[in-house]
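For reference, the chains in residue letters:
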Amino acid sequence: MTKNWKSPKQFVCLFTQKAKILFNEEPAALTPKKVYLVLANLVKDLIYDDWLATEQRYDARQTKQVYYFSIEFLLGRLLDANLMNCGMENMAREGLKELGFDLDAIMPLEADPGLGNGGLGRLAACFIDSLAALQLPGHGCSIRYQYGLFEQHIVDGQQVELPDTWLQDGFPWETKRSDKAVHVRYGGSAYMRPDGKGGLECVHEGYSSVLAIPYDVPVPGYRNHTVNTLRLWQAEYTPDGLFGQGQGGDFRKVLQYRDTTQQISRFLYPDDSTEEGRKLRLMQEYFFVSAGLQSIVRHYRGQHRDLREFDRYVALHINDTHPALLIPELMRILMDEEGMGWEEAWRITVASTSYTNHTIMPEALERWSIPLFQSLLPRVYLIVEELNRRWLAAYRRKFPGREDKAEQVAILWGGQVRMANLAVVGSHSVNGVAELHTKILEESTLHPFYEVYPERFNNKTNGVTHRRWLLESNPPLAALISDTIGTDWIRHPKKLKELLPYRDDPSFQEKLAQVKQDRKDALVRWIQETRGVAVDPHSLFDIQIKRFHMYKRQLLNILHVYSLYLRLLDDPDAVPLPQTFLFGGKAAASYGEAKVVIKLIHTVARLIDQEPRVREKLKVLFLENYNVSLGQRLFPAADVSEQISTASKEASGTGNMKFMMNGAITLGTLDGANVEIHRLVGDENCVIFGLRAEEVQKYYREGGYSSWDLYRQDEEIRRVLDVFQKNPLFSQLYEDLLRRNDEYFVLKDFAAYREAHQEILRRYQDRPGWLRASAVNIAQSGHFSSDRTVSQYARDIWKVKPIRV
Ligand code: Z16
C-alpha cells in the first residue's frame, strides 16, 4: 500500500489496478459512477495507514478520548473533502485527466450521505471535521440509516416525499466490522432480588436481543495524519435473538421479531414527526447508545484495569436529548455487568457525561410515555425510576414544600419520561449553542436546574467548518483570500481578520466583486441545466435555505415578496433593481402548515412569472431537495442571507455563519447567533430588524398582541393577505395569522422587515460600501469556525488535548 500518490503517472497505475480488482474492467470502459467508486476506494487506501496509526497512538498514549453521540451526522459528500484533507486533489485531477475523465464531473455523482435533517446533524459533521483537524482524539457515534430523510420533489407546487436511497450504489467510505458486533436487549421483564451477599441484584429475563454491527467511516484531519472514526451502527436479526420463543415453534413471533429488528436502522425520522414511528425512534435511541457504550467499555477494559477511573479516560457527549439514555445505560453496565454500587456508578456517569441543548421550543423537548418506555426497556426503566426517586428526594430537601418546583424538575411526571431533565441531572456540563440561547436556558427553560447547579451551565456558540464551507465550496474566494493574506487562515481561521485592512482597497474590492459574480454565474448555469429555469445573474440574490418551520418565518419572506409584486403592479419603478429570491428546504412530512408555505411560495412565483410588468424585476425560485451539496452551491452565490426567525426561537442557526463566510450580508432578527454576528460586524455591515427576544417573551407572558388591530390599521398588510384568496389551502395560514393571533409575529414584524429590505437595496446600490461590508463579514467569520467551538468544548468540557500522529 502506498502512503501517497507520488505522480499522476503512479495514480494512473493504481487506478488501473483498482478498476481491475473492483470491476474487472479497463479504466476506459468504466461508467462515470464506477470511476467515482474506484477513486473513492483509492482515497480510502490512502487514509488507511494513518487511521490505524492514529488508533495505535491513542492507545499507546492512554489518552482521554471523546465520543460524540448524535442521532444525526449530516456529512455531505466525502470525496472532495477527503481529497482536500489528504492534499491529493490536484494529483487526482491530473491523473484522471490522463485517463480521459474530469474530476469535477465525477464528484457530483456521489450521493449525499443523508444521515441527518438539519442544523443539529450538520453541526455534528462539522464537529468531527474540526476534532480531526485539531488532532483531538474524538469520535462520532450514530446509526447507519438505510434511508435518510426523504428526497423532496415538488409536484404542482407541493412537496412530495420519496425515499432517499443514498445507499443504493454502496457507500465506499465505510468498513464493516462484524468482529466488533454487540447485542442490544429489548423487552422482557426486570426485577430486583437478593444477591446472596446482603445486597440486591437485577434480573432481566425474557428479552429479545438485536445484533448491532458497526460500520466505521474514517474522519481525516486537514493534512495532519490524524484519522478519527465515525462509528455507525446497523441493526441485524440474529436467529437466536428471540428469547425462549424461537424454539417454541411460534413462527409468527419469529417473523415479527425479524421485521422489527430490521426496521431499527432503516429510516431516519424527522425531528418533528408525529405519533407514527415513535416507538421505533425510541428503539433507535437506545440502540446506538447501548451499542456505542458497550464497545467503549469493552475497549476501555482492554486498556485499563480499573473501571473507577473511567471518567479520566472517557468523555461522553450527548447531542440534544436523543442519546440521553446513555446515562441510565452506563449505570446499567457499571452496576449489572461490572458489579459497582449505585453511588460509585453515579459519580462516574455524571463525571463522564456532558449535554448540549439545541432548542427551547417546548414541543421539541422529548418526552416518552412511561408504558411504552417500560415495556421496551424494563431494566433501564428501573434505573430511571430509582434515579428520579433519589433526585426528587434531594430536591425536596432543598426546597421543602415547593411541589410546584419539584414538578418542573422531575424526570418522571404525568405518565412521561422527560429526556431533557434526565440529561441535565446526569451531566456535569449543560451548554446552549449561542449566548442568547444559553441565557434563555438559564433564565427560563432550565431555570430550576440552574438554581441548583449553576456551575454546570455554559455557552458554546456554534461554528461551521471553514474547510468545507469556504475552502471546498468556494475555491475562487479561498484563492483570493490566500493571494491577499497568505494561507495561514486555513489552519488558523481567526487570521481571516487580516483581510480587514483591505476592506476599502479598490483592487481587492474589484476582485471580490468578480468572485461573487463568478459564483452567481455558476449557480445560474446549474439552475438552467438542471431545472431549465433562467435567472438573471445580475440581479440581487436573496437566499433563505433551511428546514421549513413556522418559527423560521419563510412566510414573512414570501408575503413581503408578494407585497413587492403588488407595488410593481401599480408602479413599475417601485423597485430600483432586479432581485431574485431563492428558497430551499424540506418540511416534515407531517407538518401541514409548513407544507402550505411551500405551496404559497410556488403560487407567488407563478404569479410573478406570468406578469410581464413584474417579472423583469422579481424572480422567485424554490430549489427542491435542499441538502448539503446544494448548500455548497448556494452559500457562495448569495448577496443577502435571510435569518428572520421570531426572536428567541432559533437556538443558534448555522446557515447564517456559512453565508457570512462567503461574503453575504445578513438580513436578520436579533436571534440565536445573529446577535453575535451583529456584535462582530456592527450595524454598518448587517441589517437588523424586528422584535427583540425580550419583547417577544413579554408578549407571550401577557397573552400576545392583537393581529386584528394591525390588520385593520395597515393597508398594505390587508392587501398582502388577499394572496390567501388564491387557494383554499391557504385559509390555514389566514387562521394562524388572524384568528390564532399570529404566534410567530409575522404581521407584527412585517413593517420593520419591509424597511429592512429597503435598507438592503439602498446599501446594495452603493457598490464600494456593499463590498466593504462583504469583506468585513468574511474577515470576521473566523470566529464562527467550528475549530473555535470545538477547542472550547475540548478545553472547558471534555478536558482533552491534541495528540500528534
Ligand atoms: C435541530 O436541527 C436543531 C434543534 C433541535 O432541537 C433539533 C434539531 Cl434536529 C437546530 C436548531 O434549530 C438550530 O438553531 C441550531 O443552529 C442547530 O440545531 C445546531 O445547534
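Fair warning: this is a prediction, and the values are worked out from it, not measured in the lab.

**Student:** Would you mind showing me how to read the UniProt feature "modified residue: N6-(pyridoxal phosphate)lysine" (unreviewed entry) in the protein here?
**Tutor:** Under the feature "modified residue: N6-(pyridoxal phosphate)lysine" (unreviewed entry), the UniProt entry names Lys658. Of note, Lys658 is situated in helix α27 (residues 655-661). Judged by its relative accessible area of 6%, Lys658 falls in the buried class. Discounting residues that sit within four places of it in the chain, Lys658 has contacts with Arg122, Val464, Trp469 and Phe635.

**Student:** Can you walk me through the nonpolar core in this structure?
**Tutor:** Across soluble globular proteins, nonpolar side chains have a tendency to be buried as a group. Trp5, Leu555, Leu559 and Trp798 are the most contacted members of the largest nonpolar core, which totals 217 residues. The dominant element in this core, judged by the number of residues it contributes, is helix α9 (residues 278-303), at 12 residues. Excluding its chain neighbours within four sequence positions, the residues that come into contact with Leu559 are Leu600, Val720, Leu721, Val723, Phe724, Leu737, Val746 and Phe750. In terms of nonpolar packing, the next biggest core, distinct from the first, is built from 56 residues, Ala478, Leu500, Val533 and Ala637 among them.

**Student:** When you look at the site of the ligand in this model, what are you seeing that I'm missing?
**Tutor:** Looking at the ligand, there are 17 residues lining it, with Leu120, His358, Asn462, Glu650 and Gly653 nearest. Taking Ser652, its main chain carries an N or O atom lying 3.1 Å from an oxygen atom of the ligand. With the chains in place, 92% of the 460 Å² that the ligand exposes on its own is no longer accessible. For the shell around the ligand, the residue count by class is 5 nonpolar, 8 polar and 4 charged. Each of two domains, domain 2 (65-76 + 116-363 + 429-462) and domain 3 (512-784), supplies a minimum of three residues to the shell around the ligand.

**Student:** What is the right way to look at the domain arrangement of the protein in this model?
**Tutor:** Often, the extent of an interface is quoted as the loss of accessible area upon association of its parts. Parsing the protein into structural domains produces domain 1 (1-61 + 79-111), domain 2 (65-76 + 116-363 + 429-462) and domain 3 (512-784). Placing a centre on the C-alpha atoms of domain 2 and another on those of domain 3 gives a separation of 36 Å. Listed as interface residues are 38 residues of domain 2 and, on the opposing side, 39 residues of domain 3. Remark: the boundary between domain 2 and domain 3 carries 3 salt bridges. Measuring nitrogen to oxygen at the nearest pair gives 2.8 Å for the salt bridge that ties Glu161 to Lys595. At the boundary of domain 2 and domain 3, one finds 13 residue pairs in polar contact (both at pLDDT 80 or more). Where the side of domain 2 that touches domain 3 is concerned, the elements lending two or more residues are α6 (119-133), β3 (151-155), β4 (158-162) and α17 (435-445). The greatest single-element share of the side of domain 2 that touches domain 3, amounting to 6 residues, is contributed by α17. A per-class count over the side of domain 2 that touches domain 3 returns 12 nonpolar, 17 polar and 9 charged.

**Student:** Please explain helix α1 (residues 8-23) as it appears in this structure.
**Tutor:** An α-helical turn contains 3.6 residues, so a residue and the one three or four places further along point in the same direction. Under the 1.5 Å per step criterion, the end-to-end length of α1 is 22 Å for 16 residues, consistent within 8% with the ideal 22 Å. For α1, the full list of buried residues reads Phe11, Val12, Leu14, Phe15, Lys18 and Ala19. Buried residues along α1 sit against α2 (32-60) and α4 (89-98). Asn24 sits one or two residues past α1 and shows a positive phi near 55°.

**Student:** Is there a simple way to explain empty space enclosed by the protein in this structure?
**Tutor:** With a probe scaled to a water molecule rolled over the atoms, the places where space remains empty come into view. Within the structure shown, the criterion is met by 4 cavities of 30 Å³ or more. As a volume, the largest cavity reaches approximately 200 Å³. The wall of the largest cavity is formed by 18 residues, among which Leu78, Ala125, Asp129, Val219 and Arg468 lie closest to the centre. Of all elements in the fold, only α3 (79-86), α6, β9 (208-220) and α19 (466-472) reach the threshold of two or more residues within the lining of the largest cavity. Of the residues in the lining of the largest cavity, the class split is 10 nonpolar, 3 polar and 5 charged. Each of domain 1 (1-61 + 79-111) and domain 2 (65-76 + 116-363 + 429-462) accounts for three or more of the residues forming the lining of the largest cavity. The volume enclosed by the second largest cavity comes to roughly 100 Å³. Thr63, Gln65, His299, His304 and Tyr313 are, among the 13 residues lining the second largest cavity, the residues nearest its centre. Those elements that provide at least two residues to the lining of the second largest cavity are α2, β1 (65-69) and α9.

Definitions and limits used
Residues numbered from 1 in each chain as written. Predicted model: local features only at pLDDT ≥ 70, side-chain atom pairs only at ≥ 80, totals over all residues. Heavy atoms only, no water. UniProt positions renumbered as here; feature names shortened; annotations may be inferred. Helix = DSSP H or I, 4+ residues; strand = E, 2+ residues; numbered from the N terminus. Buried < 20%, exposed > 50% of the residue type's maximum accessible area, 1.4 Å probe, protein only. Contact = heavy atoms within 4.5 Å. Core = buried A, V, L, I, M, F, W, Y, C linked by side-chain atoms within 4.5 Å. Near = heavy atom within 4 Å. Polar contact = N/O pair within 3.5 Å; in protein donor to acceptor, adjacent residues only side chain to side chain. Areas by Shrake-Rupley, 256 points an atom, 1.4 Å probe, with all protein chains shown as cover. Nonpolar A, V, L, I, M, F, W, Y, C, P; charged D, E, K, R; others polar. Domains from an automatic or database assignment. Salt bridge = Lys/Arg side-chain N within 4 Å of Asp/Glu carboxyl O. Expected span 1.5 Å × (residues − 1). 1 Å grid on protein atoms, 1.4 Å probe; cavity = no way out; pocket = protein on both sides within 12 Å on 5 of 7 lines; lining within 4 Å. Points joined across faces, edges and corners; volume = space filled by probe spheres on them.

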